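Summary of structural features
Chain by chain, the residues run as shown.
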Amino acid sequence: MLGPAPRHRHHETHRSGRAGWLRAAVLGSNDAIVSTASLMIGVAASSASTPAILTAGVAGLCAGAMSMAAGEYVSVSSQRDAEVADIARETRELATSPEAELDELTGIYVARGLDPKLAREVAVQLTEHDKLGAHLRDELGIAEATMARPFQAAWISALSFAVFAMLPIIGLLIAPTSLRSVSIAGVTLISLAVLGGIGGRLGGAPVVRASLRVTIGGALAMAITAGIGRLLGVAVS
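Throughout, residues of each chain are indexed from 1 in the direction in which the sequence is written. Only residues with pLDDT of at least 70 are given local features in this predicted model, and only at 80 or more are side-chain atom pairs given and counted; all residues enter the totals for whole chains, interfaces and linings. Note: side-chain values were computed over all heavy atoms of the structure, leaving out hydrogens and water.

1. Brief notes about the packing of helix α2 (residues 50-96) against helix α5 (residues 150-164)
Condition: Between the N-to-C directions of two axes lies an angle of 0 to 180 degrees, each axis being a line fitted to C-alpha atoms and, for a helix, fitted only over the stretch in contact. Strands are runs of DSSP state E lasting at least two residues, helices are runs of H or I lasting at least four, and both sets are numbered from the N terminus onward. Working definition: roughly parallel below 35 degrees, roughly antiparallel above 145 degrees, roughly perpendicular at 65 to 115 degrees, and oblique for all remaining angles. By convention, the crossing between two helices is left-handed when the near helix turns anticlockwise from the far helix through less than a right angle, and right-handed when the turn is clockwise. Only heavy atoms enter the contact rule, under which two residues are in contact if any of them lie within 4.5 Å.
Relative orientation of the contacting elements α2 and α5 amounts to 160°, with a least axis distance of 8 Å. As summarised for this structure, α2 and α5 are arranged roughly antiparallel, according to the angle between their axes. By crossing handedness, the relation of α2 to α5 is classed as right-handed. Contacts from Gly60, Leu61, Gly64, Ala65, Met68, Ala69, Glu72, Tyr73, Val76, Ser77 and Arg80 in α2 reach Pro150, Phe151, Ala153, Ala154, Ser157, Ala158, Phe161 and Ala162 in α5.

2. Describing the side chain of Ser77
Tracing the backbone through its elements, the reader meets Ser77 in helix α2. Not counting residues within four places of it along the chain, the set of residues in contact with Ser77 comprises Glu72 and Pro150.

3. Here we look at the nonpolar core
Operational definition: Here, nonpolar core refers to any group of buried Ala, Val, Leu, Ile, Met, Phe, Trp, Tyr and Cys residues whose side-chain atoms link them within 4.5 Å. Note on classification: 1.4 Å probe, protein chains only; a residue is buried when its accessible area is under 20% of the maximum for its type, exposed when over 50%, partly exposed between these limits.
Formed by 17 residues in total, the largest nonpolar core has its most connected members in Met40, Ile53, Phe161 and Ile184. Among the elements of the structure, α1 (19-45), α2, α6 (166-173) and α7 (180-203) are those that each provide at least two residues to this core. The element contributing the most residues to this core is α1, with 5 residues. Ranked by size, the runner-up nonpolar core spans 7 residues in total, among them Ile108, Tyr109, Ala119 and Ala123.

4. Concerning the environment of Phe161
Residue placement: Phe161 occurs in helix α5. As a C-alpha pair, Phe161 and Met66 span 95 residues in sequence and 9.0 Å in three-dimensional space.

5. A word on unusual backbone geometry
The phi torsion at Ser47 lies on the positive side, around 70°, for a residue other than glycine. Here Ser47 shows up in the loop between α1 and α2. Judged by its relative accessible area of 65%, Ser47 falls in the exposed class.

6. Section: a nonpolar patch on the surface
We count it as follows: A patch consists of residues exposed above 30% relative accessible area that lack any salt bridge, with like charges linked at up to 9 Å and nonpolar side chains (Val, Leu, Ile, Met, Phe, Trp, Tyr) linked at up to 5 Å. Each accessible area value is a Shrake-Rupley result obtained with a 1.4 Å probe; residue values ignore everything except the protein chains displayed when judging cover. Should a side-chain nitrogen of Lys or Arg be within 4 Å of a carboxyl oxygen of Asp or Glu, the pair is scored as a salt bridge.
The grouping of Val208, Leu212, Ile216, Leu220, Ile224, Ile228 and Leu232 at the surface amounts to a nonpolar patch, some 700 Å² of accessible area in total. With respect to the helices and strands, the residue Val208 is situated in helix α8 (residues 207-236). Given the relative accessible area of 60%, Val208 is considered exposed.

7. Here we look at α5
Heads up, the condition is: Expected helix span is taken as 1.5 Å per residue step, with the number of steps being one fewer than the number of residues.
End to end, α5 covers 21 Å across 15 residues, agreeing with the expected 21 Å (1.5 Å per residue, within 8%). Pro150, Ala153, Ala154, Ile156, Ser157, Ala158, Ser160 and Phe161 are the residues of α5 that are buried.

8. Side note on the packing of aromatic side chains
Each aromatic ring pair is specified by the distance between its two centres and by the angle formed by the two planes. This is how the line gets drawn: Put simply, two rings from Phe, Tyr or Trp (the six-membered ring, in Trp's case) pair if the centres are within 6.5 Å, and we call them stacked under 30 degrees between planes, edge-to-face over 60, tilted for the rest.
Scanning the model with the defined rule gives 1 aromatic pair in all. Centre to centre, the rings of Tyr73 and Phe151 are 5.2 Å apart; their planes meet at 50°, and the pair counts as tilted. Of this pair, Tyr73 sits in helix α2 while Phe151 sits in helix α5, and the two are 78 residues apart along the sequence. Its relative accessible area of 34% is what places Tyr73 among the partly exposed residues. The exposure class of Phe151 is exposed, given its relative accessible area of 62%.

9. Remarks on the environment of Gly133
Take Gly133: it is sitting in helix α4 (residues 116-140). Residues Gly133 and Ile87, spaced 46 residues apart in sequence, show a C-alpha to C-alpha distance of 9.6 Å.

As far as function goes, none of this settles anything; it's purely spatial.
Right, here's the structure in full:
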């Protein structure tokens, strides 16, 4: 006599689970390349010396990494605080008004297309299994895998900024004086194109489109700062 069929756990990777760290990493790396390169090209356009440009790049790397970490921590902490407050509120409502919450959950399933009787049965069973989890997921859209993580966002942003800000600096160091701006810009645009493609691939977006949008944005940023640097250099001289 055959026993019950073995239960298999569902193993499948979804891109939405990467949302937190992917956003922090892509934001940190893109901002690092564009801001550091733009700063260095702006300084170079003012006819500054190579050591001055290098100093500006290193200062931009350090300041940017710290700024990204602090900014991401504060921003994501605010999101986390809102999620925690929603969870606490839902916990209180489930304790004080369980029937009203069950009706609310039933209404959600009816709105999604279930008939009222089946919606009630589903709501009852899910409530018996994990009432708080059911309401967080279906009423508030909160899931453990996608909850805000301030420390994760902060250190990933800082690390990615510091690493990728090195690329324009390397572009300066490997180039002769006459080609320093061209080298910085070239390394930057190639890096942005590759990074945009990787980000698009990881996020499930079209690779070419993702690559083009960050490359074009970086080119515009460098062109604008180069123009400002040239104008300031002329004015000061």
